[in-house]
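Residue-level listing of the chains:
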Amino acid sequence: MNHVIKLLREQYRSLHLIWKLSLYNIKSEYSNHYLGLFWNILQPLMQAAIYYMIFGLGLRGATAPDADIPFIIYLISGLFPWLFISQAINIGSNSIYAQLGLVTKMRFPSSVLLSISFTNSLINLFFMTVIIGVISLFSQYSNPLYFLGLLYFLVASFALIFAITLVMSTLIILVRDFRNVLQNFIRMGFFLTPIFWQAGERGGLLQMVSDLNPFAYLVQTYRNALIYGEGFFYGDGVDHMYFWSITVFLLIIGSYLHMKFRYKLIDYL
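1. Examining the environment of Val 4
Mapped onto the secondary structure, Val 4 falls in helix H1 (residues 2-13). Classification of Val 4 as buried rests on a relative accessible area of 6%. With 251 residues separating them along the chain, Val 4 and Ser 255 place their C-alpha atoms 5.5 Å apart. Aside from chain neighbours lying at most four places away, what touches Val 4 is Leu 251, Ile 252 and Ser 255.

Structural data, given as structure tokens:
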């Protein structure tokens, strides 16, 4: 646990640096685009439109898992947080490898790169959350008071994503094959998370996998705050205990690996 506390303190001391570099990364990414930051809104909306045509109009016949909520609303309330989660994990896991020269030459705190990737993805999610929030208020899907559940989503998603990227950012440098493992892991996570299907409607093995999927917990927490409004927290005590047990376990493993190899990674290139 000492490694975990040390890394979390490192993030806290570097908050200003994380924010500044995150803004710089976003500005530089779209500096040569005519639409600029508007792509943060346009690109997820285009993906949502494609998935709606496939899973909504195509496979489902435009029927929603919940009769009270249009399928497109159900879809985007699950798709947008998943895009955030998958992007943060993918970029964060490769961030140290991409900036290894900076880390080794300047003694730059490499764990900060993971938080920068998380913040970049979070800024993109912010625009999407505003859209869903406005729709929810207009259609009265959820009590605005339950929007505070997004704060819990923020804390829980940072903890899990930071833990996963701590593990993967080290393993990717030690063993290159883990880059391919990561891509397949994210691809599998998309279909095993209740984004276009509803937890509980399938039953059997799929339901069991959903119950064991920590990403499903995050997506449902986000969806509950903005759409369902069934309280400040999604799930019961068992769900919370399971999620945080997995998260703390990964944090301990990831922190150990990161601290053990953080100054030796250049030797594995």
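There's plenty left to go through after this.
2. Observations concerning helix H8 (residues 177-192)
Counted at 1.5 Å a residue, the expected span for H8 with its 16 residues is 22 Å, and the 23 Å between its end C-alpha atoms agrees. Those residues of H8 that fall on the buried side of the exposure criterion are Leu 182, Ile 186, Gly 189 and Phe 190. Seen from one end, H8 has its buried residues packed into an arc of 105 degrees, which puts them on one side. Opposite the buried face of H8, at more than 90 degrees from it, the exposed residues are Asp 177 and Asn 180.

3. What about the packing of aromatic side chains?
Centre distance and the angle of the planes are the two values used to describe a pair of aromatic rings. Per the stated rule, a full pass over the model turns up 15 aromatic pairs. Ring geometry for Trp 82 against Phe 190: centres 6.5 Å apart, planes inclined by 50 degrees, an arrangement best described as tilted. You can see Trp 82 sitting in helix H4 (residues 71-98) and its partner Phe 190 sitting in helix H8, a full 108 residues away along the chain. Here Phe 84 and Phe 118 contribute two aromatic rings whose centre-to-centre distance is 5.4 Å and whose plane-to-plane angle is 70 degrees, an arrangement assigned as edge-to-face. Within this pair, whereas Phe 84 is found in helix H4, its partner Phe 118 is found in helix H6 (residues 111-139), the two being separated by 34 residues in sequence. Of the two residues examined, Phe 84 and Phe 118, each falls in the buried class.

4. Some words on the nonpolar core
General note: in soluble globular proteins, nonpolar side chains tend to be found buried as a group. By size, the foremost hydrophobic cluster in this structure holds 45 residues, and its most contacted members are Phe 80, Ile 85, Ile 89 and Leu 218. Elements supplying a minimum of two residues to this core: H4, H6, helix H7 (149-174), H8 and helix H10 (214-228). The greatest single-element share of this core, amounting to 13 residues, is contributed by H4. Other than its neighbours up to four places away in sequence, Ile 89 contacts Ile 161, Ile 164, Thr 165, Leu 182, Ile 186 and Phe 215. Counting 16 residues, the second-largest nonpolar core is a separate cluster that includes Ile 96, Val 112, Leu 113 and Ile 173.

5. Comments concerning a nonpolar patch on the surface
Side chains of Leu 145, Leu 148, Leu 151, Phe 232 and Phe 233 sit close together on the surface and give an oily, nonpolar patch of about 500 Å² of accessible area. Using a relative accessible area of 46% as the deciding quantity, one classes Phe 233 as partly exposed.

6. Here's the deal with unusual backbone geometry
One non-glycine residue, Gln 140, lies in the positive phi region at around 60 degrees. Relative accessible area serves as the criterion here: at 68%, Gln 140 is assigned to the exposed category.

7. A word on the packing of H1 against helix H11 (residues 237-261)
Remark: H1 packs on H11, axes separated minimally by 8 Å, with the N-to-C direction vectors making an angle of 75 degrees. As the angle between them shows, H1 and H11 are arranged roughly perpendicular. Residues His 3, Val 4, Lys 6 and Leu 7 of H1 lie in contact with H11, whose contacting residues are Leu 251, Ile 252, Ser 255, Tyr 256, His 258 and Met 259. The class makeup of the residues in the contact of H1 with H11 is six nonpolar, three polar and one charged.

8. Some remarks on the packing of H7 against H11
The interhelical angle for the contact between H7 and H11, taken along N-to-C directions, is 35 degrees, at an axis separation of 8 Å. In this structure, H7 crosses over H11, and the sense of that crossing is left-handed. Tallied by class, residues from the contact of H7 with H11 come to 19 nonpolar, six polar and no charged.

Calculation rules
Residues numbered from 1 in each chain as written. Predicted model: local features only at pLDDT ≥ 70, side-chain atom pairs only at ≥ 80, totals over all residues. Heavy atoms only, no water. Helix = DSSP H or I, 4+ residues; strand = E, 2+ residues; numbered from the N terminus. Buried < 20%, exposed > 50% of the residue type's maximum accessible area, 1.4 Å probe, protein only. Contact = heavy atoms within 4.5 Å. Expected span 1.5 Å × (residues − 1). Arc of directions from axis to C-beta. Phe/Tyr/Trp six-rings, centres within 6.5 Å; stacked < 30°, edge-to-face > 60°. Core = buried A, V, L, I, M, F, W, Y, C linked by side-chain atoms within 4.5 Å. Patch = residues over 30% accessible without salt bridge, like charges linked within 9 Å, V, L, I, M, F, W, Y side chains within 5 Å. Areas by Shrake-Rupley, 256 points an atom, 1.4 Å probe, with all protein chains shown as cover. Salt bridge = Lys/Arg side-chain N within 4 Å of Asp/Glu carboxyl O. Axes fitted to C-alpha atoms, helices over the stretch in contact; angles between N-to-C directions. Parallel < 35°, antiparallel > 145°, perpendicular 65-115°, else oblique. Nonpolar A, V, L, I, M, F, W, Y, C, P; charged D, E, K, R; others polar. Left-handed = near helix turned anticlockwise from the far one by under 90°.

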